[in-house]
Amino acid sequence: MKSLIYQVAVIALAISLAGCGATKKERAYEYMPDMARDPAYKAYAPNSVTRDGLTLQLPVAGTIPRGYKPFHYGPGDDEAARAGRELQNPYHATPQVLEEGKALFFTYCQVCHGEQGKGDGPISSKIPTPPSYTDKRLLEFQPGHIFHVITLGTSKMPSYASQLSADERWKIVTYVRTSLQGIKESGDRVIGSSGDRGNTSADLSAGSSSRDRRIQ
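Conventions we followed
Residues numbered from 1 in each chain as written. Predicted model: local features only at pLDDT ≥ 70, side-chain atom pairs only at ≥ 80, totals over all residues. Heavy atoms only, no water. Helix = DSSP H or I, 4+ residues; strand = E, 2+ residues; numbered from the N terminus. Buried < 20%, exposed > 50% of the residue type's maximum accessible area, 1.4 Å probe, protein only. Areas by Shrake-Rupley, 256 points an atom, 1.4 Å probe, with all protein chains shown as cover. Polar contact = N/O pair within 3.5 Å; in protein donor to acceptor, adjacent residues only side chain to side chain. Contact = heavy atoms within 4.5 Å. Phe/Tyr/Trp six-rings, centres within 6.5 Å; stacked < 30°, edge-to-face > 60°. Core = buried A, V, L, I, M, F, W, Y, C linked by side-chain atoms within 4.5 Å. Axes fitted to C-alpha atoms, helices over the stretch in contact; angles between N-to-C directions. Parallel < 35°, antiparallel > 145°, perpendicular 65-115°, else oblique. Nonpolar A, V, L, I, M, F, W, Y, C, P; charged D, E, K, R; others polar. Expected span 1.5 Å × (residues − 1).

Undergrad: Would you mind going over the overall build of the protein with me for this structure?
TA: For the protein, the count of helices and strands is eight helices and zero strands. Ordering the α and β elements of the protein from the N terminus gives α-α-α-α-α-α-α-α. For the protein, with 216 residues in total, the buried portion stands at 30%. For the protein, the accessible surface area stands at approximately 14,900 Å², while carbon and sulfur atoms represent 56% of it.

Here it is as structure tokens:
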């Protein structure tokens, strides 16, 4: 009996030692390797396991990617107006928010809309000239309406949702409303020349604190 146990132990030791004999070109012996190293399929390769024969599968209906914030509005003026009625800007016009919004505006928007938002950016002559932010129609846009335009685009303006996060878009909205349109958070116009609007409301922090709807 002892001899049999000894033989089994020797065989087990030999197998164990054989498993340590990996080289740069060959993998060592493994017990049931498929349990740890299942076969991988390329994303677009045919797959006999799935129902539709494709390896890359669509996400389950209703799935939301990590970090994604749903935007429950479609394109068009009516949907933009609805967004204006329903969405509330989560940011106040603090100096830091305005400074960040200004930096983002000059990076992504100034090229078309111009430094003062008058529609006289460097490439405005090569495209349909954007309207001035102080145009009567645009002054009536609520923050959510502007956010909708940045998110989904309008007319010749493309969507900037892939370049700007929801927070960054709201900061641009805050900068445009406060510094370029001269509108206080309460909705009242800031009295002064357009040249002064860049500095008139930098310290505004009062106004509506409603943050119930933050659909972004």
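Undergrad: Would you mind going over the side chain of K171 with me for this structure?
TA: Counting through the fold element by element, K171 comes out in helix α7 (residues 166-180). On the basis of relative accessible area, K171 is assigned to the buried category, the value being 16%. Separated by 2.4 Å, the side chains of K171 and E100 make a polar contact. Filtering out sequence-adjacent residues up to four positions away, K171 remains in contact with Y91, V97, E100, G101 and L104.

Undergrad: Help me understand the packing of aromatic side chains, please; the structure alone is not making it clear to me.
TA: Note on aromatic pairs: each is described by the distance of the centres and the angle between the planes. Taken as a whole, this structure holds seven aromatic pairs when the rule is applied. Considering the side-chain rings of F105 and F106, the 6.0 Å spacing of their centres and the 70° angle between planes classify their relative orientation as edge-to-face. Residue F105 is classed as buried on the basis of its relative accessible area, which comes to 0%. Measuring from ring centre to ring centre gives 5.5 Å for F105 and Y175, while their planes differ by 50°; the resulting arrangement is tilted. Placement of F105 in helix α3 (residues 95-108) and of Y175 in helix α7 is noted, with a sequence separation of 70 residues between them. As far as the burial class goes, F105 and Y175 line up, both buried. Grouped by ring-pair contacts, the aromatic residues F71, Y73, F147 and W170 constitute a single cluster.

Undergrad: Honestly, the nonpolar core in this entry has me stumped. Any pointers?
TA: A general trend in soluble globular proteins is that nonpolar side chains are found buried together. Core analysis: the biggest nonpolar cluster contains 22 residues, and L87, F105, F147, I150 and I172 have the highest contact counts within it. Counting only elements with at least two residues in this core, the list comes to α3, α6 (143-152) and α7. With seven residues, the top contributor of residues to this core is α7.

Undergrad: When you look at the packing of α3 against α7 in this model, what are you seeing that I'm missing?
TA: For any two helices packed against each other, one specifies the inter-axial angle together with the distance between the axes. At a closest axis distance of 8 Å, the pairing of α3 and α7 adopts a crossing angle of 100°. One element, α3, and the other, α7, form an angle in the roughly perpendicular class. Residues V97, L98, E100, G101, K102, L104, F105 and F106 of α3 pack against E168, K171, I172, T174, Y175, V176, T178, S179 and L180 of α7. Along the lines of polarity and charge, the residues of the contact of α3 with α7 split into nine nonpolar, four polar and four charged.

Undergrad: Would you explain α7 in this entry?
TA: In this model α7 runs 20 Å from its N-terminal to its C-terminal C-alpha over 15 residues, within 8% of the 21 Å that 1.5 Å per residue would give. The buried count for α7 comes to 13 of 15 residues, which makes it a mostly enclosed element. Positive phi shows up at G182, right after α7, with a value of about 70°.

Undergrad: How should I be thinking about the environment of I146 in this particular structure?
TA: Tracing the backbone shows I146 in helix α6. Between the alpha carbons of I146 and R177 there is a distance of 9.1 Å; along the sequence they are 31 residues apart. I146 has contacts with F141, V173, R177 and Q181, leaving out every residue within four places of it along the chain.

The quantities given are spatial measurements derived from coordinates; they are silent on function.
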